[in-house]
Amino acid sequence: MVVKIEPATGRYMQLNIQGRQNRVYFEEAGRGIPLLCLHTAGADGSQYRHLLNDPGITRDYRVIAFDMPWHGKSLPPVGYHLEEYKLTTELYVDTVMAVCRGLELEKPVIMGCSMGGRIVLQLALSHGKDLRAVIGLEGADHQEPWYDTEWLHRPDVHGGEVSAALVSGLVAPQSPDEYRWETLWGYLQSGPGIFKGDLYFYRADSDYRDRVADIDTTQCPVYLLTGEYDFSCTPEDTLRTAARIKGAQATIMEGLGHFPMSEDPEQFRTYIMPVLDQIRG
Amino acid sequence: MAERANGDVGLIRRGRFVDLEFMLQIGDQGHYIRIDKGRLTSVTPSPLLLRPWTFAIHIDAAAWPQFCQKMPRPGYHDIFAMCKLGVARIDGDINPFMANLRYFKEVLAKATSSTSSAAASAKEAAHGR
């Protein structure tokens, strides 16, 4: 072989989620502790490609990143053309747990960003005994909606272009141009209405303020890491959430925004490695 | 600002469907900015009685130099971040603004050139952030 082949492999699984069959794409690399990675709203699992290609991580962790149904290479379920996509807490939990069961992941660590950073709190609450730990990137128990999401899906405005231009401000100014634009590509190519449908979960169906205090971190440790330039899930949102969860560890990451793993992999590595080392023990 | 914008071939291409006049107001000082097919054809100081505009971007006088920094501090690094912070606002008919959001963020970055050309370059590289 004369070309460089990356260590990650990509495959498809047939997954039944809430009675519907889904063709779900996932990538994985490494061996050891399962580390299941959840992408941000309106994007896909390629946001985690740098972790999948990091031998310092894949030496001890089996890193798995999947595209949620309707996202990336995963197809929407049959009949999608007749419905409006709306992610809910119940559907999100069922999807993640279906992946865990389907791939027979034993006590995985689940790491999610943004909406993924939100759902890991619910997973720690409802499935904590089955998890080794959760890592919430740009995660909090709630955010007040701050803009009208109708702009994201309408015939007179290109959904991908407006979504990318909107979230571009969530990338830290220090982040390398190459990775800034790679991150935005995920939004530029997103399916119509998918970012908006994910934000239904994020804004309307995931207010966990009254329940996160019930998370048992002795059973399932909680790590929250948020970039200082994230004005969607702000450092204050994350610190407030961590203060409600006894034993949760919160870190504010300098020079990073809302997409730490994809917008500046090197800077993110300095923050995530100590967490992964601590979880590995 | 107009010279910087009109010299950017990519920006003009991205704005080729934009024909309107918008108001950019920094503190008390406003400018009507006329755009024809993506080119900035006039920049006129306000106020001019009864002169209409499609939408207006207002930025607090104290926030503007922060936004113009090469590496602005969190909250001052993006127009929407500043709106959320309460130091900027956008009003009027924002449909063309949203439909051409990358373009207008980049035009805004060109406007920072009067404060700092280095900041403008950084912002343009980041497409106005």
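Not measured: the values here are computed from a predicted model. (Residues numbered from 1 in each chain as written. Chains lettered and ligands numbered in written order. Predicted model: local features only at pLDDT ≥ 70, side-chain atom pairs only at ≥ 80, totals over all residues. Heavy atoms only, no water.)

Chemist: So what's going on with the overall build of chain A? Which residues, and what values?
Modeler: In terms of helices and strands, chain A carries ten helices and eight strands. For chain A, whose C-alpha radius of gyration is 17 Å, the value lies close to the compact-globule estimate of 19 Å for 281 residues. Each principal axis of the C-alpha distribution contributes one length, and for chain A these read about 50 × 50 × 40 Å. Among the 281 residues that make up chain A, the fraction classed as buried is 58%. The contacts of chain A with a sequence gap of at least 6 include a subset with a gap of at least 24, amounting to 75%. Roughly 11,700 Å² of accessible area belongs to chain A as shown, and the carbon and sulfur atoms make up 49% of that amount. Across chain A, 26 positive and 39 negative side-chain charges occur, with their mean positions spaced 5 Å apart. (Helix = DSSP H or I, 4+ residues; strand = E, 2+ residues; numbered from the N terminus. Rg over C-alpha atoms; globule rule 2.2 N^0.38 Å. Buried < 20%, exposed > 50% of the residue type's maximum accessible area, 1.4 Å probe, protein only. Contact = heavy atoms within 4.5 Å. Areas by Shrake-Rupley, 256 points an atom, 1.4 Å probe, with all protein chains shown as cover. Lys, Arg positive; Asp, Glu negative; His and termini not counted. Charge placed at Lys NZ, Arg CZ, Asp CG, Glu CD.)

Chemist: How would you explain the overall build of chain B if you had to name every residue and give the values?
Modeler: Tallying secondary structure elements over chain B gives seven helices and five strands in all. The linear arrangement of helices and strands in chain B, starting from the amino end, is α-α-β-β-β-β-α-α-β-α-α-α. Each of the 129 residues in chain B was classed as buried or not, and the buried ones make up 50%. Considering only intrachain contacts with a sequence separation of at least 6, the fraction spanning at least 24 residues in chain B is 55%.

Chemist: I'd like a rundown of unusual backbone geometry, residues and numbers included.
Modeler: In the segment running from Ser46 of chain B into Pro47 of chain B, the intervening peptide bond is cis, with an omega of 5°. In this structure, Lys107 of chain A is a non-glycine residue whose phi angle is positive, near 45°. Mapped onto the fold, Lys107 of chain A is located in the loop between helix H3 (89–102) and strand S5 (109–113). One non-glycine residue, Leu50 of chain B, lies in positive phi territory at about 70°. Mapped onto the secondary structure, Leu50 of chain B falls in the loop between strand S3 (39–45) and strand S4 (55–59). Classification of Leu50 of chain B by relative accessible area gives exposed; the value is 79%.

Chemist: Hey, could you go over a nonpolar patch on the surface for me, with residue numbers and the actual values?
Modeler: Residues and elements named next belong to chain A. Side chains of Met1, Val2, Val3 and Ile5 sit close together on the surface and give an oily, nonpolar patch of about 550 Å² of accessible area. Along the chain, the position of Ile5 falls in the segment before strand S1 (9–17). Using a relative accessible area of 55% as the deciding quantity, one classes Ile5 as exposed. (Patch = residues over 30% accessible without salt bridge, like charges linked within 9 Å, V, L, I, M, F, W, Y side chains within 5 Å. Salt bridge = Lys/Arg side-chain N within 4 Å of Asp/Glu carboxyl O.)

Chemist: Quick rundown of the interface of chain A and chain B? Include the residues and the values.
Modeler: Listed by partner, the interface residues are 22 residues for chain A and 20 residues for chain B. Carbon and sulfur atoms supply 68% of the area buried between chain A and chain B, which totals about 1,800 Å² over both sides. The interface formed by chain A and chain B includes zero salt bridges. Take the side of chain A that touches chain B: its biggest share by element is four residues, from helix H6 (residues 177–188) of chain A. When the residues that make up the side of chain A that touches chain B are grouped by side-chain class, the tally is twelve nonpolar, five polar and five charged. (Buried area = accessible area lost by both parts, 1.4 Å probe. Nonpolar A, V, L, I, M, F, W, Y, C, P; charged D, E, K, R; others polar.)

Chemist: Just give me the short version of empty space enclosed by the protein, but keep the residues and values in it.
Modeler: Residues and elements named next belong to chain A. This model, assessed by the stated rule, comprises one cavity of 30 Å³ or more. Here the largest cavity is characterised by a volume of approximately 210 Å³. If you go around the largest cavity, you meet 19 residues; those closest to its centre are Tyr147, Phe195, Leu199, Tyr202 and Ser232. Elements represented by at least two residues in the lining of the largest cavity include exactly helix H5 (159–167) and helix H7 (194–204). (1 Å grid on protein atoms, 1.4 Å probe; cavity = no way out; pocket = protein on both sides within 12 Å on 5 of 7 lines; lining within 4 Å. Points joined across faces, edges and corners; volume = space filled by probe spheres on them.)

Chemist: Explain the confidence of the model for chain B to me, and be specific about the residues and the numbers.
Modeler: Overall, the prediction assigns chain B a mean pLDDT of 90, with 87% of residues at 70 or greater. This stretch, residues 117–121 of chain B, has a pLDDT under 50; its non-local contacts, to residues over four places away or in other chains, come to ten contacts. (pLDDT = per-residue confidence, 0-100.)

Chemist: Help me get a handle on the pattern of salt bridges, residues and values and all.
Modeler: Residues and elements named next belong to chain A. For the structure on display, the rule yields 24 salt bridges over all chains. Across the pair Arg62 and Glu28 runs a salt bridge whose closest N-O atoms are separated by 2.8 Å. Taken together, the residues Arg62 in strand S4 (residues 61–66) and Glu28 in strand S2 (residues 20–29) connect sequence positions 34 residues apart. Between Arg209 and Asp207 there is a salt bridge, with the nearest N and O atoms lying 2.6 Å from each other. A single network of salt bridges, built from pairs that share partners, joins Arg59, Asp60, Asp277 and Arg280.

Chemist: Tell me about helix H4 (residues 115–127) of chain A, and name the residues and values.
Modeler: Between its first and last C-alpha atoms H4 of chain A spans 17 Å; for 13 residues at 1.5 Å apiece the expected length is 18 Å, and the two agree. Of all the 13 residues making up H4 of chain A, ten are buried; the element is thus mostly covered by neighbouring parts of the structure. (Expected span 1.5 Å × (residues − 1).)

Chemist: Give me the lowdown on the packing of H3 of chain A against H4 of chain A, citing residues and values where you can.
Modeler: Residue and element names in this part refer to chain A. Viewed as axis vectors pointing N to C, H3 and H4 meet at an angle of 75°, and their least axial separation amounts to 10 Å. Considering their axes alone, H3 and H4 lie roughly perpendicular with respect to each other. On H4, the residues touching Thr89, Tyr92, Val93, Val96 and Met97 of H3 are Met115, Gly116, Ile119, Gln122, Leu123 and His127. When the residues that make up the contact of H3 with H4 are grouped by side-chain class, the tally is seven nonpolar, four polar and no charged. (Axes fitted to C-alpha atoms, helices over the stretch in contact; angles between N-to-C directions. Parallel < 35°, antiparallel > 145°, perpendicular 65-115°, else oblique.)

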